[in-house]
Amino acid sequence: MSEDDRTGAARSGTLTSVLRGAGEGVRLLLLSIWRGLVYVRDRRIGVQRPRLGFLGPWEALALAALAAGIVAALMLLVDPITIGLRLKAPSWLVVFSDRLTDLGFSGVVLWPLGIGLAYALMLTHAGDEMTRRIAASVAARLGFLFLAIAPVGLLVAIVKHSLGRARPHAAMHIKGPSPEMTFDFLIWKSSFASFPSGHATTTFAAAVAFAALFPRARTILLVAAFPIAATRIVLSSHYPSDVVAGAVLGTVAALWTVKLFAARRVVFAVDATGTIVPMAGPSARRLARLLAPVASVKAGSPLLPPRDASTAVPAEEARP
């Protein structure tokens, strides 16, 4: 065999090995995601039910009716006067809003969460027992955040494109007495995807979810959500009613996810009064163990040594 043939065979073998390893990694990742979702679904609900403030069924219904009324009032009374607001606002406010609004893009939150979640799930199949437990604990928390933000964002994207409400910058070019009430159903155009606001949905879902996980930062997170969502009005991308509707949907979805996890004692605990409190996560010293596989990859060792997928530790078992 010639030198070129040997080189080609070596490269082919390396590529095959890489593809096989990648395929095995994807298989383990999908298996971990599936098992995690099934476990949360089937986890026994605790005797002490979680309580979200004073919210009972009737109180929640009353709040939903109030929110719907506020959105309707905004549509009729406030939305018409916000058309063309970007042209009237000071230039510094427009520039500032244009920079700040990027924080509301779903990808800004979901991409880091998704990558971190995938890495943590992969590590539940690698390393020693303690590393797998720490990885499972981190994966449980990242999984909670992802589920609190991503599904409602996807739902809102489908709804707003289906309703086809003209955005304020598009309504400026529509003739008629009430251009802000223009709906073109199922048109699936970005300029006709105003109601509700996806930015506001993602911003408030993320703020509420992170606030539930990190109570000490609750005030800062919730206060910061308001100006980020408001930038959509300044930039003439959404009406006030769009932003309020998105904020309500994002908040409700995040709170429902908190209650779902807390009822099953995953990530959150429930005290004797029904108050939801986050479980303590791994310390910084223990989190540093998760970087060991990265160091081993740089040194030439495989990230995922051969191991039976059944050895993965359920996320909720990993407590510090």
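Above this text is the structure in question.
Residues numbered from 1 in each chain as written. Predicted model: local features only at pLDDT ≥ 70, side-chain atom pairs only at ≥ 80, totals over all residues. Heavy atoms only, no water.

Engineer: Explain the environment of Phe-144 to me, please; I cannot follow it from the model alone.
Structural biologist: Structurally, Phe-144 can be placed in helix 6 (residues 129–163). The buried category is assigned to Phe-144, whose relative accessible area is 0%. Spatially, the C-alpha atoms of Phe-144 and Leu-213 are 9.3 Å apart, while their sequence positions differ by 69 residues. (Helix = DSSP H or I, 4+ residues; strand = E, 2+ residues; numbered from the N terminus. Buried < 20%, exposed > 50% of the residue type's maximum accessible area, 1.4 Å probe, protein only.)

Engineer: Hey, could you run me through the pattern of salt bridges in this one?
Structural biologist: Two side chains of opposite charge can pair, provided their charged atoms sit close to one another. Evaluation of the coordinates by the stated rule reveals five salt bridges. Between Glu-129 and Arg-132 there is a salt bridge, with its nearest N and O atoms 2.2 Å apart. Taken together, the positions of Glu-129 and Arg-132, both in helix 6 and three residues apart, correspond to about one turn of that helix. Connected via shared salt-bridge partners are Asp-79, Arg-165 and Asp-242. (Salt bridge = Lys/Arg side-chain N within 4 Å of Asp/Glu carboxyl O.)

Engineer: How do you make sense of helix 2 (residues 57–78) when you look at a structure like this?
Structural biologist: Helix length check: helix 2, at 22 residues, gives a terminal C-alpha distance of 31 Å against a target of 32 Å (1.5 Å per residue), a fit within 8%. Buried within helix 2 are the following residues: Ala-67, Val-71, Leu-74 and Met-75. Seen along its axis, helix 2 keeps its buried residues to an arc of 100°; they face one direction. Opposite the packed face of helix 2, turned more than 90 degrees from it, sit the exposed residues Trp-58, Leu-61, Ala-65, Leu-66, Leu-76 and Leu-77. Looking at the buried side of helix 2, the elements it contacts are helix 10 (240–263). (Expected span 1.5 Å × (residues − 1). Arc of directions from axis to C-beta. Contact = heavy atoms within 4.5 Å.)

Engineer: Is there a simple way to think about the nonpolar core in this case?
Structural biologist: The nonpolar side chains of soluble globular proteins are, as a tendency, buried together. Phe-144, Ile-149, Val-267 and Phe-268 are the most contacted members of the largest nonpolar core, which has 40 residues in total. Of all the secondary structure elements, the ones that give two or more residues to this core are helix 5 (106–123), helix 6, helix 8 (198–213), helix 10 and strand 1 (268–270). It is helix 6 that provides the largest number of residues to this core, a total of 13 residues. Ignoring any residue separated from it by four or fewer positions in sequence, one finds Phe-268 in contact with Phe-144, Ala-212, Leu-213, Val-258, Phe-261, Ala-262, Ile-276, Val-277, Pro-278 and Met-279. Core analysis: the second largest hydrophobic core is formed by eight residues, Ala-200, Phe-204, Ile-233 and Ala-247 among them. (Core = buried A, V, L, I, M, F, W, Y, C linked by side-chain atoms within 4.5 Å.)

Engineer: Before we go on, may I ask you to explain the packing of helix 8 against helix 10 in this structure?
Structural biologist: How two helices pack is summed up by the angle between their axes together with the distance between the axes. Packing of helix 8 against helix 10 leaves a shortest axis separation of 7 Å and a crossing angle of 30°. As helix 8 runs across helix 10, the sense of the crossing is right-handed. Of the residues in helix 10, those in contact with Ala-200, Thr-201, Phe-204, Ala-205, Val-208, Ala-209 and Ala-212 of helix 8 are Val-243, Gly-246, Ala-247, Gly-250, Thr-251, Ala-254, Leu-255 and Val-258. For the contact of helix 8 with helix 10, a count of residues per class yields 11 nonpolar, four polar and no charged. (Axes fitted to C-alpha atoms, helices over the stretch in contact; angles between N-to-C directions. Left-handed = near helix turned anticlockwise from the far one by under 90°. Nonpolar A, V, L, I, M, F, W, Y, C, P; charged D, E, K, R; others polar.)

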